[in-house]
Amino acid sequence: MTELDPVRQEVIRNALIAGAEEMNASIWRTARSTVVRETLDYSTALFDGNGQAVAQSTRIPIHLNSMSVCLEDIIAGPIPITDWNEGDVILTNDPYAGGQHLSDFVAFKPIFSEGRRIAISAAIVHHVDVGGGAPGSYFAGATEIYQEGLRLPPTKLVEAGKTNDAVINIIRRNSREPDKIGGDVHAQMACLDVGAAAIGRIAGRYGAKILETAMAAILDQSEQAMKKVITDLPDGTYSFKDLVDDDGQQALHLDVATSVEISGDRCKVDLSESADQAPGPVNCTLNMSKSAAYCALLSIGDGAVMANSGAYRPIEVICRPGSIANCNSPAPVANRMATGHRIVTTVLGALATAAPERVPAAYYGVSYVLTLQAPDPLIPDESRVYFEVEVGGWGGHPEGDGANGFSCGFHNLANSPLEMCEVLFPMTFTEYGFIPGSGGEGQHRGGLGLAREWRLNSDWGKVSGSFERFRHGPYGLAGGKPGAPGRFLHITKDATVELPSKISGVQLVSGDRIRLETSGGGGWGDPERRTPQARANDERAGYV
Amino acid sequence: MIEKSVRIAVDIGGTFTDLQILDLASGAIHDFKSPSTPDDPSIGLINALTGAAQRFNFELGQIKMLLHGSTIATNAVLERKLPKGALITTEGFTDVLEIGRHMRHNVYSLKAEPRALLIPRERRFGVPERILADGSVETPLDLERIKVLGENLADDGVNAIAVMFLHAYRNPAHEQQAAEILSKISGLSVATSYEVSPEIREFERVSTTVLNALLKPVISGYLERVAERLKSAGVSAQLYLVQSNGGVASPAEAARLPVKLLLSGPAGGAMAMASFAQAHDIENMVGVDMGGTSSDVSVVLKGRVGETGEGAIDGLPVRLPMIEIRTIGAGGGSIAHTASNAMRVGPRSAGSMPGPASYQKGGTEPTVTDANLYLARIDPKAFLGGEMTLGKDAAETAIQSLAGELGISADHTAKGIVDVANTSMASAVRLSLFEKGADPSDFVLAPFGGAGGLHACAIAEELDIDRIIFPATASTLSARGILTSDLRHDLSFSELLLAGTGAIPTLQSIVTQLRDQAAALLDEDAVPPAQRRIMISVDCRYRGQAYEIMTPWPALSANNPVDQAAVAALVTKFHRLHKELYAHNAPEEPVEIVTVRASAIGLLDRPPEAPNTEQRSVVSESPERNRPISLRDGWHDTAVCHRSSIGTKQMSGPLLIEEDYSALLIETGWTIRALDDGSLMATRSLGDQT
């Protein structure tokens, strides 16, 4: 058989997904830092030769839907696709050249067959520290990207098979965790070869031409599937507004205003009415905003659409430059997830009018990133950076209650085992559990937020937090109440201080406690309509 | 006639109870199969023993040892036939069990996927106590609180109690105190985390402990029933239970740690593979057990069956050393359907109810089994040993309807279903090997389970594998593996140490403690000194890594003391394993020790195996008949023979070999020959592929 049929197409589709999963396993196996190994903050994908994302591993929506827009920017700007040669690896972390924030390194490797570029393997990895004003590179006080750490424009890390060690040395030298970042960069590079081997296998078995045809067909399939999702929504323009608490500096109550226009099989998301870009690091580049909007629309499809560049084709995302959802250089962006999650919740909020039977109330809508720099308990005179990401409650759904303390929406991350943290870092946990009553009331209750509290055992420690939803709880829908907002507390011998949601370099001394409370999800439906059984259940379990 | 005593391995499945009977005098092995009795599997067990005794002419009193594999624990969890339980844990951490690792599988879904939870919040209790990471006590346990809690639970009829305190793997004092108080309260059955899974990482430990607590009453009850029935049938055999690690344990040990039985289902098959590999001098073998709804992949690498420190059942982590199995959602019942004009196969399965369309029990969608039937690879009259006649027309109708949707021929559709299933199984095998840093083409494929034999050649070709071994007695293979089991206890101790001279005293005391525990357990099993093996291994990692490599420590397994040379050897071994598994290492970097393990093994003597005469009773060396079968390259009049009729002659594909409970498809380009034990080895002549 030499032509493509529905069977061969499926066989190749499965093989491409398997290739992306092998890349994923490769990073997990070989990486060094806890942020990769336990928090699992990385993703992998295979692209066609023109830079269209075709198959992705099931990991983190923000990552997955951002790699293709990043690649588009690189090709359109600094490194045209004609300069991508056999044996090259292109690396960047520059938000203003297609990247996310400086911690996320994106790497691409073009794959050739008979001298022709037929595919590209890609991986995005969150690196534990890339320098900047705070450990973990979440510097709440940044007003320019220059304060956020090392910035690497799209660069050939490997050229014609030869690694540019100087780049790796520069990366190491700029990090508080040189060994970990060095190890993780190597893991990231190695996984690209795993992807290349998978492509080589498929091309070898079916021929490069068939592979290319199959990739084009897979993209078309996703396009058709997404068009169907859009067509099933009634035509119209739907608007929704939600708020970002603040930028961690002086700007408060920042609007994220979204208008979603459904017209036949096309969807246009306009974020232009959103607030001006903020002085603090809560800004999104247009690429991040696109990724957020794609994520929301893929969720409306409820997993029916294979996420790839084909799925993005019917979606147009626009925003006026200089806005919080399309910032201009050199605006800082480290905590872009504050706004990114809000773009997801506003697109969903807007579509709740179009598809009321499918859309839940708002989830916690923030990646609660906390870092601690403190002395190493095992090696004298050295310090280590602790990094964790927490989550909160899901919004109540037309069909049931929201999940308690579970990854949702734009990200998907694991927590760090308490006992391992206590062995590796000078900390003792005092609580990790649900916060009763934090879920928004409703016919279907919002899920509960989490409390995570620990005590510092060493002489000194520096804490940074990159949070949101302290002022404005996740919204309810159809008469449901909002979820409870979160809090960040510094508890000393003498006092309990409520810290702002975005802060870095909080000085701790031995015995101080830090408590993070994440927000619950919004409620769905009139609370009066909650069944007596559901209420009794809540009482018994102590969820309220 | 069997003269002296026999050892019997039994594998109780949903449909059949399989036996392998070892004549301890001659070394001859017989197999036997009879229907299971799912409501009380112990009835089917006695029936099978009685039937086998009649068939092979021995007395039930001659059974000296009974090695028992079953899915009783597995089914109890999957069907939630578990008692009401409670969890007592460190105050402030009662929700750890429910929070889990808070990652989702369905990335783009607006409705949260259900999370498995065995103990609801109202029955999880926090008590004041705290042990720190170094094992020191910060807050003593509130003993009075434990007593009151225990009494209240007993009054409420909640009898299965799990106790998990933070860092109990370092210092079990509080769990021991709590267990002592609770076990004095009438009716309570207690499981503590330091006994069940004494390792760092609280969620995995509490999950495993809760499973153990809830399974205790289930397994104890079953074991009592079995003991009673065996006794009244006149069986005085020593009974042992198969564990997920492939070893067996005494009933007392199984009743204490029933969670160790939880993933034992596929262990027998994997053990059988390991023994085949050894018998035939095969270093690397990958087993594919293809069942109705899913397939299990297991790996023998360098003569050793793959093990892992953690598995899961229904999303619930089980952290114990166990045989590593990758389960994928592709089996005979996987449903083919369309999505965006392309064909998909699975993950939905028709199961056994309604089953494939050809079962004619209400299923209308085509499955992999229907496709095999359409392609004439399955004889509709010979399915499941002739117990069920398949409806060829029903399969055809289902396939034609899908073909219409796809706009391709029915032939193409049926072959396509099989192709898609084969490639996804091949992908799973590749990923399983890839994770170990191994290359599929260095492996021999061993297919088993009802449907494995039909797909083996295609999967092998997909993976560039040139040899396939079709095991003898494939339909009782799991029991065959169980027959090779030894007694095994796994012990562990977690303490984070930098691997170096400074760690020697601590390591020595940990190893001594583990050896003492191991010796005590083997004493309980009355294992004579010459039959004992205590294997020491250490979970190591580079500093900063979050997961460990189980590193064998041969010097310590040989009972040497911990000294500088031994630690250096361990570190060197770790660097080498890291390179093998992960393709790189960093010999200059510090190595961390996380957990020290001891496996206490009591070898069960086996006589040398006698040649299997039953399998080699040659009926005829020529194919019995021909029928048109759709092969890789279209329909061909193909030779069909029964497995019992294959002699010592080499035969070449295309060829369909039928067995009582399955069939083997030998494609063009493959040649088979029988091995001494009745297994068939298929080899591929290169240059004769697709």
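Refer to the structure printed above.
Read on for a plain summary of the structure. None of these values were measured; they are calculated from a predicted model.

1. Here's the deal with the packing of aromatic side chains
- Inspection of the entire model under this criterion finds 13 aromatic pairs over all chains.
- Here the aromatic rings of Tyr-542 of chain B and Phe-574 of chain B are separated by 4.9 Å at their centres, their planes lie at 70°, and the arrangement is edge-to-face. Remark: Phe-574 of chain B occurs in helix 17 (residues 564-582) and Tyr-542 of chain B occurs in strand 26 (residues 532-542); sequence separation between them is 32 residues.
- Pairwise contacts between aromatic rings join Tyr-363, Tyr-364, Tyr-368, Phe-467, Phe-470 and Phe-488 of chain A into one cluster.
- A cation over an aromatic ring shows up here: Arg-384 of chain A above the ring of Phe-425 of chain A, its NZ or CZ 5.3 Å from the ring centre.
- In this structure, Arg-115 of chain B packs its charged tip against the face of Phe-406 of chain A, placed 4.1 Å from the ring centre.

2. Looking at the sheet that holds strand 17 (residues 487-491) of chain A
All names here are of chain A.
- If you walk across this open sheet you meet the five strands as 14-15-20-17-18, and the pairing is antiparallel. Only two strands of the sheet have a single partner each, and these edge strands are strand 14 (427-434) and strand 18 (496-498). Between one strand and the next, the sheet's axes are offset by a mean angle of 15°, whatever the strand orientation.

3. Some thoughts on the pattern of salt bridges
- By the definition in use, this model includes 81 salt bridges over all chains.
- Between Arg-469 of chain A and Asp-242 of chain A there is a salt bridge, and its shortest N-O distance comes to 3.3 Å. In this pair, Arg-469 of chain A sits in the loop between strand 16 (460-466) and strand 17 while Asp-242 of chain A sits in strand 8 (residues 236-246), placing the two residues 227 residues apart along the sequence. Taken as a pair, Arg-469 of chain A and Asp-242 of chain A share a single burial class, namely buried.
- Within this structure, Asp-376 and Arg-384 of chain A together with Arg-201, Arg-541, Arg-543, Glu-548 and Glu-592 of chain B form a network of salt bridges that share partners.

4. Looking at the side chain of Ser-109 of chain B
- Structurally, the position occupied by Ser-109 of chain B is in the loop between helix 3 (96-99) and strand 6 (124-127).
- Among the polar contacts listed, one links the side chain of Ser-109 of chain B to the side chain of Asp-302 of chain A, at a separation of 3.1 Å.
- Within the structure, Ser-109 of chain B has its side chain in polar contact with the backbone oxygen of Lys-111 of chain B (distance 2.9 Å).
- For Ser-109 of chain B, the residues in contact, after removing those within four places along its chain, are Asp-302 and Trp-394 of chain A.

Conventions and cut-offs
- Residues numbered from 1 in each chain as written.
- Chains lettered and ligands numbered in written order.
- Predicted model: local features only at pLDDT ≥ 70, side-chain atom pairs only at ≥ 80, totals over all residues.
- Heavy atoms only, no water.
- Phe/Tyr/Trp six-rings, centres within 6.5 Å; stacked < 30°, edge-to-face > 60°.
- Helix = DSSP H or I, 4+ residues; strand = E, 2+ residues; numbered from the N terminus.
- Lys NZ or Arg CZ within 6 Å of the ring centre and 35° of its normal.
- Pairing = 2+ DSSP bridges.
- Axes fitted to C-alpha atoms, helices over the stretch in contact; angles between N-to-C directions.
- Salt bridge = Lys/Arg side-chain N within 4 Å of Asp/Glu carboxyl O.
- Buried < 20%, exposed > 50% of the residue type's maximum accessible area, 1.4 Å probe, protein only.
- Polar contact = N/O pair within 3.5 Å; in protein donor to acceptor, adjacent residues only side chain to side chain.
- Contact = heavy atoms within 4.5 Å.

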